[in-house]
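What the coordinates show
Listed below, chain by chain, are the residues.
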Amino acid sequence: MEVMIDKMRIIISIIFISMIANGCGLVDSNSNLKINNNPSFTITDTTGYSKTTFSPGEHFDLSFTYVNTTTDTLTYIRGSSAPPVIFEILKDDIVIASSVDGYSFVQVLLGGHLTPKDTLKGQWQAPNTQYQYPKAILTPGLYQAKVIFPTFGQTAASSHLDIAFSIVQKD
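**Topic: the sheet that holds strand β8 (residues 119-126)**
- In space, the three strands of this open sheet follow the order β1-β3-β8, with antiparallel pairing throughout. Every other strand in the sheet has two partners, leaving β1 (40-45) and β8 as the edge strands with one partner each. Neighbour-to-neighbour, the strand axes of the sheet open up by a mean angle of 15°, direction not taken into account.
- Pairing of β1 with strand β3 (residues 60-67), which is carried by six bridges, proceeds in the antiparallel orientation. Within β3, the residue paired with Thr44 across the bridge is Asp61.

As structure tokens, this is what we get:
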């Protein structure tokens, strides 16, 4: 009888640990999915023409799309009420400006999802936001545009993409 009780304790312990691991996201029910949905990140002038060289003071557009090409709903978690897609401009690995400058967000755990064929989008006319103070001024030099977006545990896509661009003084 005592051996039977020990076996039951072991089985109950395994079930309990499995439930905790699954609830904490340590076990992925779609672990075999791992599909790269090929997110798209572009930089264009304000007329939509793709380019990577701009003049000081010139505005440009950063755009991002991520299409769920799977047959499953993709889920993600983020740590604030900020938009799920955030753009940054870096120079020498230092953030110079971002698409959320001048805004404040509640630090709260939020979930989101992307149903099959649905698209996660983001767009920003850089380098400033409406409420950014002081405004960012990009001087001549090399820069990096970066988009940060949610990690979908079911896919192999990275959670950020980068584009190198430059500001040049025209004579």
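**Things to note about unusual backbone geometry**
- The amide bond that connects Ala126 to the next residue, Pro127, takes the cis arrangement and shows omega of 15°.
- Along the polypeptide, Pro127 turns up in the loop between β8 and β9 (141-148).
- With omega at -5°, the peptide bond leading from Tyr133 into Pro134 counts as cis.
- In this fold, Pro134 is placed in the loop between β8 and β9.
- For Asp92, which is not a glycine, the phi torsion comes out positive at approximately 55°.
- Following the sequence through the fold, Asp92 ends up in the loop between β5 (86-91) and β6 (94-98).

**Looking at the packing of aromatic side chains**
- Here the structure, examined in full by the defined rule, presents eleven aromatic pairs.
- When the ring of Phe54 is compared with that of Phe60, the centres are 4.7 Å apart and the planes differ by 25°; the resulting orientation is stacked. Each member of the pair, Phe54 as well as Phe60, is classed as buried.
- Judged by centre distance (5.1 Å) and plane angle (55°), the rings of Phe60 and Phe165 are tilted. Taken as a pair, Phe60 in strand β3 and Phe165 in strand β10 (residues 160-167) lie far apart in primary sequence, 105 residues in all. The same class applies to Phe60 and to Phe165, which are both buried.
- An aromatic cluster of three or more residues is present, and its members are Phe64, Tyr66, Tyr76, Phe149 and Phe152.

How each quantity is defined
- Residues numbered from 1 in each chain as written.
- Predicted model: local features only at pLDDT ≥ 70, side-chain atom pairs only at ≥ 80, totals over all residues.
- Heavy atoms only, no water.
- Pairing = 2+ DSSP bridges.
- Helix = DSSP H or I, 4+ residues; strand = E, 2+ residues; numbered from the N terminus.
- Axes fitted to C-alpha atoms, helices over the stretch in contact; angles between N-to-C directions.
- Phe/Tyr/Trp six-rings, centres within 6.5 Å; stacked < 30°, edge-to-face > 60°.
- Buried < 20%, exposed > 50% of the residue type's maximum accessible area, 1.4 Å probe, protein only.

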